[in-house]
Amino acid sequence: MKKNNKGAGSVKWGVRSYVMLVSLLASQFLLNSCGIYSFSGTSLSPDIKSVTVVNFTMATAGGPSNMALQFNEKMKEYYQRNTSLALLPSNGDMQLEGTITGYEVIPAAPTANDQAALNRLSITIQVKFTNNKDEEKNFDQSFSFFKDFPQNQTLNQVESRLVPLILDQLVQDIFNKSAGDW
């Protein structure tokens, strides 16, 4: 006579299913009850629903003529990609505005012959952040980032490659300060 072990397997599966369901419900409860949660590294309050990026302006003589436009678009895209906030043209719960204040090339690694082995392209942006739901989060701060390039290359040769990389890092730093609270 053959034994039927079908019932024992069904009981095990039922217990596993129950445990998984309870775990899933508990984690869902914790996420919903915390108030501030995120899967993208942000720590935004749930009452913040929108962001406004006021067009940043150029206040420096150097740099590509479309750099402010590039920066504005990168900032808007980053918020859209990394949050669920609505992007509003004005009156957002959070607002970013500012000016590109610095664009300079300086020698980064001088050699014994008074020449630079590396040059450094640096971009600085002054940012005013307003959180209309929590004034303690507001800031007015300068952000700067740079990339080095070999002295045997001219700025014209590297600018189209380095400027987007620098702007990407600046956008990330500003995002982390405003939405990530880091």
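Shown above is the structure to which this text applies.
Here the structure is a predicted model, which means the values were calculated and not measured.

How do you make sense of the overall build of the protein chain when you look at a structure like this?
A count of helices and strands for the protein chain gives 3 helices and 6 strands. In the protein chain, the succession of α and β elements from N to C terminus is α-β-β-α-β-β-β-β-α. Across the 182 residues that make up the protein chain, the buried fraction comes to 31%. For the protein chain, restricting intrachain contacts to residue pairs at least 6 apart in sequence, the fraction spanning at least 24 positions comes to 67%. As presented, the protein chain carries roughly 11500 Å² of accessible surface, and 53% of it is formed by carbon and sulfur atoms.

Explanation requested: the packing of aromatic side chains in the structure shown.
Two measures describe an aromatic ring pair: the distance that separates the ring centres and the angle between the ring planes. Inspection of the entire model under this criterion finds 6 aromatic pairs. Ring centres of Phe56 and Phe71 lie 4.8 Å apart, and the angle between their planes is 70°; on these two criteria the pair is classed as edge-to-face. Here the residue Phe56 occupies a position in the loop between strand 1 (50–53) and strand 2 (57–58), and Phe71 occupies one in helix 2 (residues 67–82), the gap between them amounting to 15 residues. You'll find Phe56 and Phe71 in the same group, each marked buried. Ring centres of Phe129 and Phe139 lie 5.2 Å apart, and the angle between their planes is 25°; this geometry places the pair in the stacked category.

Teacher, can you tell me more about the environment of Lys74 here?
Checked against the element boundaries, Lys74 lands in helix 2. In this structure the C-alpha to C-alpha distance between Lys74 and Gln172, which are 98 residues apart in sequence, comes to 9.6 Å. Leaving out residues up to four positions away in the same chain, Lys74 has contacts with Pro164, Leu167, Asp168 and Val171. A polar side-chain atom of Lys74 sits 2.7 Å from a polar atom in the side chain of Asp168.

Honestly, the nonpolar core in this entry has me stumped. Any pointers?
Nonpolar side chains in soluble globular proteins tend to end up buried together. If you look at the biggest cluster of nonpolar residues, it comprises 34 residues, and the most contacted ones within it are Phe71, Tyr79, Leu96, Ile123 and Ile125. Looking at this core, the elements with two or more residues in it are strand 1, helix 2, strand 4 (94–107), strand 5 (118–131), strand 6 (139–150) and helix 3 (155–180). At 10 residues, the largest contribution of residues to this core is made by helix 3.

Explain the pairing of strand 4 here, please?
In summary, the side chains of a regular strand alternate between the two faces of the sheet. Where strand 1 and strand 4 come together, 3 bridges link them in parallel fashion. Following the sheet pairing, Thr52 is matched in strand 4 by Gln95. Pairing analysis gives 2 bridges linking strand 2 to strand 4, with the strands arranged parallel. Opposite Met58, over in strand 4, you have Ile100 as the bridge partner. The sheet contact formed by strand 4 and strand 5 spans 13 bridges and is antiparallel. Paired with Gly98 across the strands is Val127, a residue of strand 5.

Can you walk me through the pattern of salt bridges in this structure?
Pairs can form between side chains of opposite charge once their charged atoms are near each other. Scanning the entire structure with this criterion turns up 3 salt bridges. Residues Asp168 and Lys74 are paired through a salt bridge, measuring 2.7 Å at the closest nitrogen-oxygen approach. Taken together, the residues span a long stretch of sequence, with Asp168 in helix 3 and Lys74 in helix 2 at a distance of 94 residues. Judged by relative accessible area, which is 37%, Asp168 ranks as partly exposed.

Rules and cut-offs
Residues numbered from 1 in each chain as written. Predicted model: local features only at pLDDT ≥ 70, side-chain atom pairs only at ≥ 80, totals over all residues. Heavy atoms only, no water. Helix = DSSP H or I, 4+ residues; strand = E, 2+ residues; numbered from the N terminus. Buried < 20%, exposed > 50% of the residue type's maximum accessible area, 1.4 Å probe, protein only. Contact = heavy atoms within 4.5 Å. Areas by Shrake-Rupley, 256 points an atom, 1.4 Å probe, with all protein chains shown as cover. Phe/Tyr/Trp six-rings, centres within 6.5 Å; stacked < 30°, edge-to-face > 60°. Polar contact = N/O pair within 3.5 Å; in protein donor to acceptor, adjacent residues only side chain to side chain. Core = buried A, V, L, I, M, F, W, Y, C linked by side-chain atoms within 4.5 Å. Pairing = 2+ DSSP bridges. Salt bridge = Lys/Arg side-chain N within 4 Å of Asp/Glu carboxyl O.

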